[in-house]
Amino acid sequence: MSLLALIPLLEGLPGWPDAPEPSLMDIGLLTVGLPVAMFAVFAVLFMGPHWLRKSQSKEIERA
């Protein structure tokens, strides 16, 4: 069976609503925004304790 024969199946089924076309903002959110947000959460989870200890040690040195 040729793969080209499956191309008509990629269209919506009769009677079903058409799928919305993703905008540039939708694509950007999924490809850039979501990974950046996940990186920020993990950075705070893993580096947060280190940053907290570092800031507390500077406060002790100032006193």
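Residues numbered from 1 in each chain as written. Predicted model: local features only at pLDDT ≥ 70, side-chain atom pairs only at ≥ 80, totals over all residues. Heavy atoms only, no water.

Asker: Looking at this structure, I do not really get the overall build of the chain. What am I missing?
Answerer: Per the secondary structure count, the chain includes one helix and zero strands. In the chain, which comprises 63 residues, the proportion classed as buried is 2%. Just so you have it, the chain exposes about 6,400 Å², and 73% of that area is on carbon and sulfur atoms. (Helix = DSSP H or I, 4+ residues; strand = E, 2+ residues; numbered from the N terminus. Buried < 20%, exposed > 50% of the residue type's maximum accessible area, 1.4 Å probe, protein only. Areas by Shrake-Rupley, 256 points an atom, 1.4 Å probe, with all protein chains shown as cover.)

Asker: I would appreciate a short explanation of the packing of aromatic side chains in the present structure.
Answerer: Counted by the stated rule, this structure contains one aromatic pair. Judged by centre distance (6.2 Å) and plane angle (15°), the ring pair of Phe42 and Phe46 falls under stacked. Of this pair, Phe42 and Phe46 both sit in helix α1 (residues 24-62), four residues apart, which is roughly one turn of that helix. On the basis of relative accessibility, which here comes to 44%, the residue Phe42 falls in the partly exposed class. (Phe/Tyr/Trp six-rings, centres within 6.5 Å; stacked < 30°, edge-to-face > 60°.)

Asker: So what exactly am I meant to see when it comes to a nonpolar patch on the surface here?
Answerer: Nonpolar side chains collect at one region of the surface, where Leu30, Leu34, Met38, Val41, Phe42, Val44, Leu45, Phe46, Met47 and Trp51 lie side by side and expose about 1,100 Å² of accessible area between them. Residue class for Leu30 comes out exposed when judged on its relative accessible area of 58%. (Patch = residues over 30% accessible without salt bridge, like charges linked within 9 Å, V, L, I, M, F, W, Y side chains within 5 Å. Salt bridge = Lys/Arg side-chain N within 4 Å of Asp/Glu carboxyl O.)

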